[in-house]
Amino acid sequence: MYNAKRDGYGNGANLAVPSMGEIEGGITALEVVAATSLSLLMKAGDKHAAQQALSAIRRAMRSKCEEIKLSPADADSAIAYAQELFDATLENMDDSVAPTTGPLLTKRGGTRHSIPMFQ
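Thresholds applied
Residues numbered from 1 in each chain as written. Predicted model: local features only at pLDDT ≥ 70, side-chain atom pairs only at ≥ 80, totals over all residues. Heavy atoms only, no water. Helix = DSSP H or I, 4+ residues; strand = E, 2+ residues; numbered from the N terminus. Buried < 20%, exposed > 50% of the residue type's maximum accessible area, 1.4 Å probe, protein only. Contact = heavy atoms within 4.5 Å. Areas by Shrake-Rupley, 256 points an atom, 1.4 Å probe, with all protein chains shown as cover. Expected span 1.5 Å × (residues − 1). Arc of directions from axis to C-beta. Core = buried A, V, L, I, M, F, W, Y, C linked by side-chain atoms within 4.5 Å.

A.B. asks: Would you explain the overall build of the protein chain in this entry?
C.D. replies: Counting its secondary structure elements, the protein chain contains four helices and zero strands. Counting helices and strands in the order they occur from the N terminus, the protein chain gives α-α-α-α. Counting every position in the protein chain, which comprises 119 residues, the buried fraction comes to 26%. Once local pairs closer than 6 in sequence are excluded, the contacts in the protein chain between residues at least 24 apart make up 58%. Of the roughly 8,100 Å² that the protein chain leaves accessible, carbon and sulfur atoms contribute 60%.

A.B. asks: Whenever I open this one, unusual backbone geometry confuses me. Can you help?
C.D. replies: Among all residues save glycine, negative phi is the norm, and among peptide bonds the norm is trans. Non-glycine residue Lys69 carries a positive phi angle of around 60 degrees. The residue Lys69 is located in the loop between helix 3 (47-67) and helix 4 (72-97) in this model. Owing to a relative accessible area of 71%, Lys69 belongs among the exposed residues under this scheme.

A.B. asks: I keep staring at helix 3 and nothing clicks. Help me out?
C.D. replies: Along an α-helix, residues three or four positions apart point the same way, because every turn accommodates 3.6 residues. Taking 1.5 Å of rise per residue, 21 residues should cover 30 Å, and helix 3 covers 30 Å from first to last C-alpha, within 8% of that figure. All of the buried residues in helix 3 are Ala50, Ala53, Leu54 and Cys65. Looking straight down helix 3, one finds its buried side chains confined to an arc of 100 degrees; they lie on one side. Residues of helix 3 that are exposed and point more than 90 degrees away from the buried face comprise His48, Arg59, Glu66 and Glu67. A positive backbone phi angle near 60 degrees is found at Lys69, which sits one or two residues after helix 3.

A.B. asks: Whenever I open this one, the nonpolar core confuses me. Can you help?
C.D. replies: Generally speaking, a soluble globular protein has its nonpolar side chains buried in company with each other. In terms of nonpolar packing, the biggest core is built from eight residues, these being Leu38, Met42, Ala50, Ala53, Leu54, Phe86, Leu90 and Met93. Residue contacts for Met93: discarding those within four places in its chain leaves Ser39, Met42, Lys43 and Ala44.

A.B. asks: Sorry if this is basic, but what is going on with helix 2 (residues 20-41) here?
C.D. replies: Along its 22 residues, helix 2 runs 31 Å from first to last C-alpha, staying within 8% of the 32 Å computed at 1.5 Å per residue. All of the buried residues along helix 2 are Glu31, Val32, Ala35, Thr36, Leu38 and Ser39. For helix 2, the angular spread of the buried residues around the axis is 160 degrees, confining them to a single face. Facing away from the buried side of helix 2, by more than 90 degrees, are the exposed residues Glu22, Leu30, Val33, Leu40 and Leu41.

See the structure below:
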């Protein structure tokens, strides 16, 4: 997204379009902030809280996708990405807690394992 204050510095309009590295860096930052925030807020092993959080995330994603007028296919893709982030966060929480807690709401297989987590 273009930000006149941030992107207007330097050589003018040619810096208004971010590079792929800047986009990837921004997405990585959002993933890390989201996953870290969620892991700090969630209590490991609390399945009910995890289900409530996932429901709230899905509702918020659906609302935001409608607000920005994404096509149904793109909205489904965005919601699936949010689900992957959520699942990866829960899986990382589960791994860091130890094998004393049972599996949470993670899907085995199909989740992204590349989302960095700060402990």
